[in-house]
Amino acid sequence: MCFSISGLVPVRNAQANLEPALLCLLENLVELTQSVELIVVDDGSTDATIEILAEMTVAYPQIKVFHFGQPKGWSEAIRTALAESKGQMLFFEEPGCLLPWDQLCLLWAATAKHPVVIGRPTGHGWQRASPWPNDPACPAGGAAGLGTYQLVRRSTLLRLAPRLQDGLSFRQLLLQEGIAWQERILSARPRRQQLVLYPPFHAPESLLGRMDQPQGQTTPPNYLVHLHEDKISPPLCQNLNM
């Protein structure tokens, strides 16, 4: 597969694990394709995050850094990283995502046919964690849960980026757009694969109420493939969202 890829990485006050985590992500993305860059947006950190990033850009030319003087939130950081990126395929993860990055290879093959591929652990709901701890931009009562990670083609994310919101999962955004998807449960053993199909059209008022209610249909949608791993191992790389 010859797609170039840009990792969009918002961080805030992540000095404790920043360098090993970025190197781990870079290593796993290079396993997918040789044309890789990491666009790191520092969302108003008050610790040594920006100094560590400055040192890393010297040692690793694939890493590009942008800094917000004041916190603006996860969604604004993603939009900034998108504007500065060049990859044909874009990788980013939502806050609270616990999937280890070495599972990306399970999803990568699907990007040849589908503009959006989402990964999450099986058995967990779709509510995501608050974008940042104690973030005034986060809606009150932000839901607790596991975030997802996405591989999205540039043209698709450019269209959807203005609708990104803190506290709104990427999958919820797709539902609001009326986008259909397929869901596959993946594991290392092919015999355990399972396909769940979702209808391509819903009445707008029913979208959020149907978030985890798969229904069969005769014509599979071909816009989104949503893949998740049912035998996920503990994360090998700590996430950057602190």
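Residues numbered from 1 in each chain as written. Predicted model: local features only at pLDDT ≥ 70, side-chain atom pairs only at ≥ 80, totals over all residues. Heavy atoms only, no water.

In this section: the confidence of the model for the protein. For the protein, the average pLDDT comes to 75, and 66% of its residues sit at 70 or higher. Segment residues 189-222: pLDDT under 50, and 57 contacts once partners within four positions in sequence are set aside and those in other chains are kept. A low-confidence stretch, residues 229-238 (pLDDT under 50), is modelled with 32 contacts involving residues beyond four sequence positions or located in other chains. (pLDDT = per-residue confidence, 0-100. Contact = heavy atoms within 4.5 Å.)

Here the focus is the pattern of salt bridges. Following the criterion strictly, the structure yields 5 salt bridges and no others. The shortest N-O distance in the salt bridge between E37 and K64 comes to 3.2 Å. Remark: K64 occurs in strand β3 (residues 63-68) and E37 occurs in strand β2 (residues 36-43); sequence separation between them is 27 residues. In this structure, the salt-bridge partner of R159 is E177, at a minimum N-O distance of 3.3 Å. Note that R159 is positioned in helix α5 (residues 154-160) and E177 in the loop between α6 (170-176) and β7 (181-186), a separation of 18 residues in sequence. On the accessibility criterion, R159 (44% relative accessible area) is partly exposed. Salt bridges sharing common partners tie together R159, R163 and E177. (Salt bridge = Lys/Arg side-chain N within 4 Å of Asp/Glu carboxyl O. Helix = DSSP H or I, 4+ residues; strand = E, 2+ residues; numbered from the N terminus. Buried < 20%, exposed > 50% of the residue type's maximum accessible area, 1.4 Å probe, protein only.)

This next bit is on the packing of helix α1 (residues 18-32) against helix α2 (residues 49-59). Where α1 contacts α2, the two axes come as close as 10 Å, and the packing angle between them is 45 degrees. Judged by the inter-axis angle, α1 sits oblique to α2. Once α1 is placed against α2, the crossing between them reads as right-handed. Contacts from L18, E19, L22 and L23 of α1 reach α2 at T49, I52, L53 and M56. Taken together, the residues that form the contact of α1 with α2 break down as 6 nonpolar, 1 polar and 1 charged. (Axes fitted to C-alpha atoms, helices over the stretch in contact; angles between N-to-C directions. Parallel < 35°, antiparallel > 145°, perpendicular 65-115°, else oblique. Left-handed = near helix turned anticlockwise from the far one by under 90°. Nonpolar A, V, L, I, M, F, W, Y, C, P; charged D, E, K, R; others polar.)

Before going further, it helps to examine the packing of aromatic side chains. For the structure shown, the criterion picks out 4 aromatic pairs. With 6.4 Å between their ring centres and 80 degrees between their planes, F3 and W108 make a pair best called edge-to-face. Here the residue F3 occupies a position in the segment before β1 (5-11), and W108 occupies one in helix α4 (residues 104-108), the gap between them amounting to 105 residues. You can call W108 buried: its relative accessible area is 7%. Ring geometry for F92 and F170: centres 5.5 Å apart, planes at 85 degrees, overall edge-to-face. (Phe/Tyr/Trp six-rings, centres within 6.5 Å; stacked < 30°, edge-to-face > 60°.)

Below, the discussion takes up unusual backbone geometry. Where the residue is not glycine, phi is negative for most of them; where a peptide bond is considered, it is trans in most cases. Of note, N13 is a non-glycine position whose phi angle comes to about 50 degrees, a positive value. Relative to the helices and strands, N13 is located in the loop between β1 and α1. In this structure N13 comes out as partly exposed when scored by relative accessible area, which is 30%.

A few words on the environment of T57. Structurally, T57 can be placed in helix α2. Once you skip the residues sitting within four places of it in the chain, T57 turns out to touch I63 and V65.

For α2, the set of buried residues is T49, I52, L53 and M56. What you see down the axis of α2 is that its buried residues fit within an arc of 100 degrees, all on one side. Along α2, exposed side chains directed more than 90 degrees from the buried face belong to E55 and V58. If you follow the buried residues of α2, they end up packed against β1, α1, β2 and β3. (Arc of directions from axis to C-beta.)

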